[in-house]
Amino acid sequence: MSALPHMGAQPAAAADAPVLAIDGLDIRLPAGADRALAVQGASLQLRAGQTLCVVGESGSGKSMIANAIMGLLPGPQVAPVAGRILFQGQDLLQLDEAGLRQLRGSRIGMVFQEPMTALNPVMRIGEQIGEVFDAHLRLPAAEKRQRILAALADVGLPDPALLIDSHPFRLSGGQRQRVMIACAMALEPALLICDEPTTALDVTTQAQILALIRGLQHRRGMAVLFITHDFGVVSEIADQVVVMQTGCIVEAGDVQQVLRAPRNAYTRQLIAAIPQGRARQPVGDAGAPLVLQVQDLCKTHVTGRGLFSRGRRVEAAKDVSFDLRQGQTLGLVGESGSGKSSVGRCLVGLSPFESGRILFKGRSLLSGGPLMRQSGGKIQMVFQDPNASLNPRQKVGAAIAAGPIAQGVPVHEAQARCRELLALVGLGAEAADRWPHEFSGGQRQRICIARALAMQPELLVADEPVSALDVSVQAQVLKLFAEVRQRFQLAMVFITHDLRVAGEMCDHIAVMQRGRVVEHGPAAEVLTNPRHAYTQALINAVPRLAA
Amino acid sequence: MSKAFWRRFCRNKGAVLGLLVLAVALVLVAVGPLLAPNDPWDMVQQPFLAPLQEAGFPMGTDTMGRDIFSGVVRGARISLLIAVVSTAVSLLIGVGIGAVAGYFGGWVDATLMRFTELFQAVPSFALAIVLVAIFQPSVGAIVAAIAIVSWPPVARLVRGEFLSLRQRDFVAAAQLAGLSTPRIILTQVLPNAASPIVVMASLMVATAILLESSLSFLGLGDPNQMSWGYMVGSARTVLRQAWWMAVFPGLAIVLTVLALNLVGEGLNDGLNARADGRSR
Amino acid sequence: MKRLQYMATRVLQGLLALLVIATVNFMLVRAAPGDPVSVMAGEAGASDAQFVAQLRQQFGLDQPVSTQLGRYLAHVVQGDLGFSYRQQQPVLALIAERLPATLLLTGSAFVLSLLFGVALGAIASRRPGSWMDSAITVVALVFYATPLYWLAMMAVLLFTVQLGWLPGFGHMTVGADLHGLARLWDGAQHLLLPALTLALFYMAVYARMTRAAMLEVAQMDFVKTARAKGVAPGRILRAHVLRNALLPVVTLAGIQAGGMIGGAVLTETVFAWPGIGRLMFDALLQRDYNLLLGCFLVTAAMAVLFNLLTDLVYTLVDPRIDLH
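This one's a predicted model, so the numbers in the text were calculated from it and none came from an experiment.

Analysis parameters
Residues numbered from 1 in each chain as written. Chains lettered and ligands numbered in written order. Predicted model: local features only at pLDDT ≥ 70, side-chain atom pairs only at ≥ 80, totals over all residues. Helix = DSSP H or I, 4+ residues; strand = E, 2+ residues; numbered from the N terminus. Buried ≥ 20, exposed ≤ 12 C-beta atoms within 10 Å, placed from the backbone. Contact = placed C-beta atoms within 7 Å. Expected span 1.5 Å × (residues − 1). Arc of directions from axis to C-beta. Core = buried A, V, L, I, M, F, W, Y, C linked by C-beta atoms within 7 Å. Pairing = 2+ DSSP bridges. Axes fitted to C-alpha atoms, helices over the stretch in contact; angles between N-to-C directions. Parallel < 35°, antiparallel > 145°, perpendicular 65-115°, else oblique. Left-handed = near helix turned anticlockwise from the far one by under 90°. Nonpolar A, V, L, I, M, F, W, Y, C, P; charged D, E, K, R; others polar.

S.K.: Whenever I open this one, the overall build of chain B confuses me. Can you help?
M.R.: The helix and strand tally for chain B stands at ten helices and zero strands. The order of α-helices and β-strands along chain B, N terminus first, is α-α-α-α-α-α-α-α-α-α. Within chain B, buried positions represent 52% of all 280 residues.

Okay, here's the thing in structure tokens:
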């Protein structure tokens, strides 16, 4: 498996005039938003053959710039109010809709973030690519079909002749993203705008898509504007980088310079927040009591069972085994479909399992609902999406105290415990009287941690607890996990797709692929000396900062 | 939270208008007998009196000389009463079935949904006609018939809501905290499913009024009650001579149903604030 | 292959539904007031106990319920829906006579409501908030709140009594012996008002649904993708928005068709249209329960059939059905 080059891309010979030049752009937001301007005074330049990355967290306005170039800002209230967007010398803000439409798809192409919803579900793939040709050219049917096949082959999709007549639901996320890129590149545009195209994809798929975009850029010599929140990606593909914070550009320049010697404090903070993937030294003595023993756990999903069909059996987890001692953390690492979340849910009793044993403190547990009763609330879980894991109609204090109260703890004692925990996770005791929607994502995750701790658990299962958070917030929440673990001597199972996070948080790592554990060992060993090819592929695919 | 709800509700002008009309209707129900002292069944004037020809008879009289205005005012009471009660019964059945089906899933869901689909396959108005005809027209029979044909859409809505809410992480967290199943349904799931149910309830009252009036039009209304549908029905054969017998009761139905629909839309805007980014 | 399995499942479900409806019908027949034997025996025969017992045995009314159910279902499958004592004819004959008229009325109302409803809803969604959108929305709301029978009566009042443009009674001019084109024209004139009034309520339903669906689909990601490709707005509306928005409308049409068949009772009563609905109304007046329940069974069967047809159409239109 060839490793991606970790050095920044070689800057191609720059043409004289920039393909894209944005000058003092202001974009306003509707009244009542948290600030008046989504983007303020943005200026940047992009030459042919170069890649410019716009980096920022959510709400920084980076996507707004991309949408403004294409004229795709949502609604009349969100609109550019000052500045110029010069594309090949022409000010796009002066063009009317008809003029912009001529450019879209033919001279400027755009790829969006969510591949699963970006294609029309009832239209065939061939027709969706053919639309691009129909919108700008008049081609005879035979030639159009040839060019569609060529476009599909160009983005590395297998069996173009079969794909032309297929519908999007047959394709995976990565494949759909390739189709989007094919649509955007079909007419060989001078500028390709990518709005976080790999954020919703697995790490290995992300690596492939990034390689594809680089390859296309080298062959066609086009300019690429790449929006992302991941500095690792920036390091891999960018020539120039622009950092945005709440609508303003705080740093811009050559990628090597910005990464090595960032001048702005925010940039430094962002770079520092990225988990380095430096493995922890295993903590806790090997003689600590065994909290969890999993032996040959098997879980199968059956989908699509109907009156006539027996349904499909998918083995979500097969023969999964591991041990966990008090005070130690095990990382379950894998991509989507690896079965890691299924194992997590079996451990806490939210899903039943078919065979195998789970022993908690030496006692074998039944599967499913009864497991929760047997464990007496000592196995708790922190979930992935902080927006969905709190009842929007219940106050924070009530949510945290509900568990202990249900166990028979007297009300005032439960409330006291709740206030204590809220202080521990860094939110004041007055947070108990507020509603979940009044808090940010990172704060909500802290509340979820407090809720789990209220039950005084001995085993904590964290299912991708930081995946939905911004990078700077991630670092804070991970720190909280480490503090909590140390203080309460918890055993933790940390489920994640991000090897860097696993390296920082976990003593041992178990890598899962398609339901099986393919590698298991101390974190340092797994990350530096992987034995299985898949682990090696995962490590290679992680976009890492240039050393 | 309720201030935000009222703000969003009042942004919908139609909903505010509907609320006003409903308020007027309720006032009429309350003070009606004072405004229109004549018993609608009494023959008080000459038949076929055109509107505004005699003082005190703004809507004229019908074939038997009965006052139409008092008929419209009294009719409000019976129509709204039947509509509200039948909707309440319908909600009880529908929410019960839908909640159980949606929460427990699996074969429980499959059987209950097959049962619901079977019910929905039958044209509801035809079934209502048959039920009332066979069990003899009375207020009780009408309420029962309307409730029986109206519960399937509620059940499906509630089942859908419960199915999706059931998968949410906060329900899982409540299970992990050791809350019992009835407690989870009542305190975690139901409050979050309440908004669409409330919106649907207002629309169901509107549909119930239409159903009840249609049944009365066909002569299946309670023979002791002067309802709007009955009044329009008795006008059918004498439409040429006395257009006012059909127009006024009909207008009353249209206005009330329209008001309820508008209020329902306002409730929808007010309760489902997706623009705020809140997950309902 | 999966699509065929799905359709086969739906057909079986439809048959099961018909079976259950027939059984319910049977129970309702038995619950109906009045002893059928005394009706049959007539005034004179009712007093003769032996005659009554003989009749009871002849019609199998002394058998246990399950046997009677079996006999009833067997009769139904063979097309025997009982006998109408008031009209002295087999129920099926009466229904068969009236069925085409109802099919004509509901069929044209269905087509009218769907075509105009979808068109108006699509127009309203093009510029949400404009005066055109507000006008269509208000009109839809008003018609949605109007009882079918009242609308029919108002239509008669306006177009027949006041303006005299259209006939308001029956499905053809009685006595006039017309042929060919003149007969078609006469029929069309008689059909217009009933079909239109029946259609208006459902037109409002489809218009609102189409508008809401199109507005929702227009927000979806794949529409943004199409715009980013430079596709012309007309094509985006047709091939992307409308095609996806029609899916829930088709589902709704299937469900509403049952309502339309039931609503035909009201329309046919007002317009004296000689269909099943009118037959049901007459049966109600005469307390002819056999006829009433026979009509109910046929209307329910029609609704189930129609639902099945729309389901099959839906599987052809939505390619994702394969995955279920």
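S.K.: I tried to follow the interface of chain C and chain A on my own but got confused; where do I start?
M.R.: Accessible area lost on assembly of the parts is the figure often given for the size of an interface. Listed as interface residues are 24 residues of chain C and, on the opposing side, 30 residues of chain A. Breaking the side of chain C that touches chain A down by element, the ones donating at least two residues are α1 (2-31), α9 (221-228) and α10 (233-271) of chain C.

S.K.: Would you mind showing me how to read helix α4 (residues 106-121) of chain B here?
M.R.: For an α-helix, the turn length of 3.6 residues means that residues three or four places apart are oriented alike. Residue and element names in this part refer to chain B. An ideal rise of 1.5 Å per residue puts 22 Å on 16 residues; α4 measures up with 23 Å between its terminal C-alpha atoms. Of the positions making up α4, those classed as buried are Thr 116, Gln 120 and Ala 121. The buried residues of α4 occupy an angular sector of 135 degrees when projected down its axis, which confines them to one face. More than 90 degrees from the buried face of α4, the exposed residues found are Trp 107 and Thr 111.

S.K.: What's the story with the nonpolar core in this structure? I'm lost.
M.R.: In summary, soluble globular proteins display a tendency toward joint burial of nonpolar side chains. Counting 344 residues, the largest nonpolar core has Leu 225 of chain A, Ala 128 and Ile 129 of chain B together with Leu 292 of chain C as the members making the most contacts within it. Per-element accounting of this core gives the leading share, 18 residues, to helix α8 (residues 180-218) of chain C. Apart from residues lying up to four places away in sequence, Ile 129 of chain B is in contact with Leu 215, Leu 218 and Leu 220 of chain B together with Val 265 and Met 280 of chain C.

S.K.: Help me understand helix α7 (residues 169-176) of chain B in this model?
M.R.: All names here are of chain B. With seven of eight residues buried, α7 is to be regarded as a mostly interior element. Residues of α7 that are buried: Asp 169, Phe 170, Val 171, Ala 172, Ala 173, Ala 174 and Leu 176. Taken from the residues just after α7, Gly 178 is the one with a positive phi, measuring 90 degrees.

S.K.: So what exactly am I meant to see when it comes to the sheet that holds strand β15 (residues 363-364) of chain A here?
M.R.: Two modes of strand pairing occur in sheets, parallel and antiparallel, and in both the strands are linked by backbone hydrogen bonds. Residues and elements named next belong to chain A. Strands sit in the order β12-β11-β14-β15 across an open sheet of four strands; the sheet is antiparallel. Looking at the sheet topology across the chains shown, the edges are occupied by β12 (312-325) and β15. Bridging between strand β14 (residues 355-360) and β15 involves two bridges; their strand directions are antiparallel. Bridging from a neighbouring strand, Leu 359 pairs with Ser 364 of β15.

S.K.: Honestly, the packing of α7 of chain B against helix α8 (residues 181-217) of chain B in this entry has me stumped. Any pointers?
M.R.: Helices that pack against each other are described as a pair by the angle of their axes relative to one another and the distance between those axes. All names here are of chain B. As a packed pair, α7 and α8 sit with axes 10 Å apart at the nearest point and diverge in direction by 150 degrees. By the angle between their directions, the pair α7 and α8 is classed as roughly antiparallel. For the element pair α7 and α8, the recorded crossing hand is right-handed. Note on element contacts: α8 touches α7 through Ile 184, Gln 188 and Val 189, opposite Phe 170, Val 171, Ala 174 and Gln 175. Considered class by class, the residues forming the contact of α7 with α8 number five nonpolar, two polar and no charged.

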